[in-house]
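What follows is each chain in one-letter form.
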Amino acid sequence: MSAPGAAGPVVHVLLDPDWASGSLVDDVRRGLGSRPLRLPPKWLYDDRGSDLFDRITKLAEYYPFRAEHAILDRHAADIAAACDATTLVELGSGTSEKTRLLLDALDDTGRLERFIPVDVSEATLREAAAALASRHPEVEVEAVVGDFTLHLGQLPHHGRRLVAFLGGTIGNLYVEERAAFLGVLADSLDEGEWVLIGTDLVKDIDRMVAAYDDSEGVTAEFVGNCLLVLNRELGADFDPAAFSYVPYWDPREERMDLRLRAEVPQRVTVPGADLVLDLAMGEEVQVEISTKFRPERIREELHAAGLEVTHTWTGSADDGVDDFALTLARKA
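Residues numbered from 1 in each chain as written. Predicted model: local features only at pLDDT ≥ 70, side-chain atom pairs only at ≥ 80, totals over all residues. Heavy atoms only, no water.

### Some words on the confidence of the model for the protein
Line of reasoning, step 1. Here the protein shows a mean pLDDT of 92. Residues at 70 or above account for 96%.
Line of reasoning, step 2. The low-confidence segment residues 1-6, where pLDDT is below 50, has 17 contacts with residues more than four positions distant or belonging to other chains. (pLDDT = per-residue confidence, 0-100. Contact = heavy atoms within 4.5 Å.)

Here it is in structure tokens:
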């Protein structure tokens, strides 16, 4: 562990070394051991999956990344001015590419003392933390290798914090999971501390569907990657060619639903999870959801957790209706 500032970032490792394997087994037994079949989307993001997702963010059809980046580019200074945070925490930070805009704006206020990126990938986190420490030598970078669904209460607590949860990632959580997550997040904050939530907005259905069904097939390859992860990590014998990718819009829940459909009857063994799975032709495995929000829904869910909305910034990647929103809220 190194000293902060010019000497480099501090890195705290909260994840158990066996976290990934144990968590994967639990998720597979729970998700594939009963109907409906479901796998958590976090297992999409091995090295290959992360590379595929990076390709997705650059696709013409995939507007969320560009839209959020554009809002931050235009309004990062407004966000920094609207809150009095001295510490920025980023959940699921990855490379912190978009957050650099917010970090720069907060640093320009002269108030920023510390940046705390949080991610499960230690290699990515260390690389990003080192780059940001070099970019902002006067700011202490204190990175945390951890799972934001498990470790919110264990994050470093310095100054007045702004917790950023960007990328529309909150939309990958089911309604009950979002309520639990926001409740734990609010409980981890002191009165007067802040959260900044990125959410994709309800819009033209064809536009939303196209974002998850690109013409190059990159998203289909990305979603199918979870089968390769199970084959590699748990010795499963999934045949990816025996599945098709099925994205569709769920109007009742207002979310995209991304699934893999068995094209033939098949028996799959997963030795590492002590599981045998019999699939009928046409049976589907739900891999990811991406909820789309209306501003009033964001406000209501944050309010229910004890977080009061103070500002909302919206924007589009292109001309037209608002695609995405950044919502700033304060612990009441």
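### Side note on the side chain of Glu288
Line of reasoning, step 1. Structurally, Glu288 can be placed in strand S12 (residues 284-291).
Line of reasoning, step 2. Despite being buried, Glu288 has no salt bridge partner; Lys292 is the closest side chain of opposite charge, sitting 8.8 Å away.
Line of reasoning, step 3. With sequence-adjacent residues up to four places away left out, Glu288 is seen in contact with Pro41, Leu44, Tyr45, Asn172, Phe222, Met256, Asp257 and Leu258. (Helix = DSSP H or I, 4+ residues; strand = E, 2+ residues; numbered from the N terminus. Buried < 20%, exposed > 50% of the residue type's maximum accessible area, 1.4 Å probe, protein only. Lys, Arg positive; Asp, Glu negative; His and termini not counted. Salt bridge = Lys/Arg side-chain N within 4 Å of Asp/Glu carboxyl O.)

### Structural notes on helix H3 (residues 63-82)
Line of reasoning, step 1. Here H3 contains 20 residues, and its C-alpha end-to-end distance of 26 Å stays within 8% of the 28 Å for a straight helix at 1.5 Å per residue.
Line of reasoning, step 2. At His75, H3 shows its maximal bend, which comes to roughly 65°.
Line of reasoning, step 3. In the core, the buried residues of H3 are packed alongside helix H2 (47-57), helix H4 (99-108), strand S7 (194-200), helix H7 (205-211), strand S13 (307-315) and strand S14 (324-331). (Expected span 1.5 Å × (residues − 1). Bend = angle between axes of the 7 residues up to and from the residue.)

### A closer look at empty space enclosed by the protein
Rolled over the atoms, a probe with the dimensions of a water molecule shows which regions are left empty.
Line of reasoning, step 1. A complete count under the given rule lists two cavities of 30 Å³ or more for this structure.
Line of reasoning, step 2. For the largest cavity, the full set of lining residues is Ile170, Leu182, Ile197, Thr199, Phe293, Ile298, Glu301 and Leu302.
Line of reasoning, step 3. Of all elements in the fold, only S7 and helix H9 (295-304) reach the threshold of two or more residues within the lining of the largest cavity.
Line of reasoning, step 4. Among the elements that make up the lining of the largest cavity, the one with the highest residue count is H9 (three residues).
Line of reasoning, step 5. Within the lining of the largest cavity, the residues separate by chemical class into six nonpolar, one polar and one charged.
Line of reasoning, step 6. Within this model, the second largest cavity holds a volume of roughly 30 Å³.
Line of reasoning, step 7. The wall of the second largest cavity is formed by Val89, Leu152, Leu155, Arg161, Val163, Leu185 and Ser188.
Line of reasoning, step 8. Within the residue set of the lining of the second largest cavity, elements represented by two or more residues are strand S6 (161-165) and helix H6 (175-188). (1 Å grid on protein atoms, 1.4 Å probe; cavity = no way out; pocket = protein on both sides within 12 Å on 5 of 7 lines; lining within 4 Å. Points joined across faces, edges and corners; volume = space filled by probe spheres on them. Nonpolar A, V, L, I, M, F, W, Y, C, P; charged D, E, K, R; others polar.)

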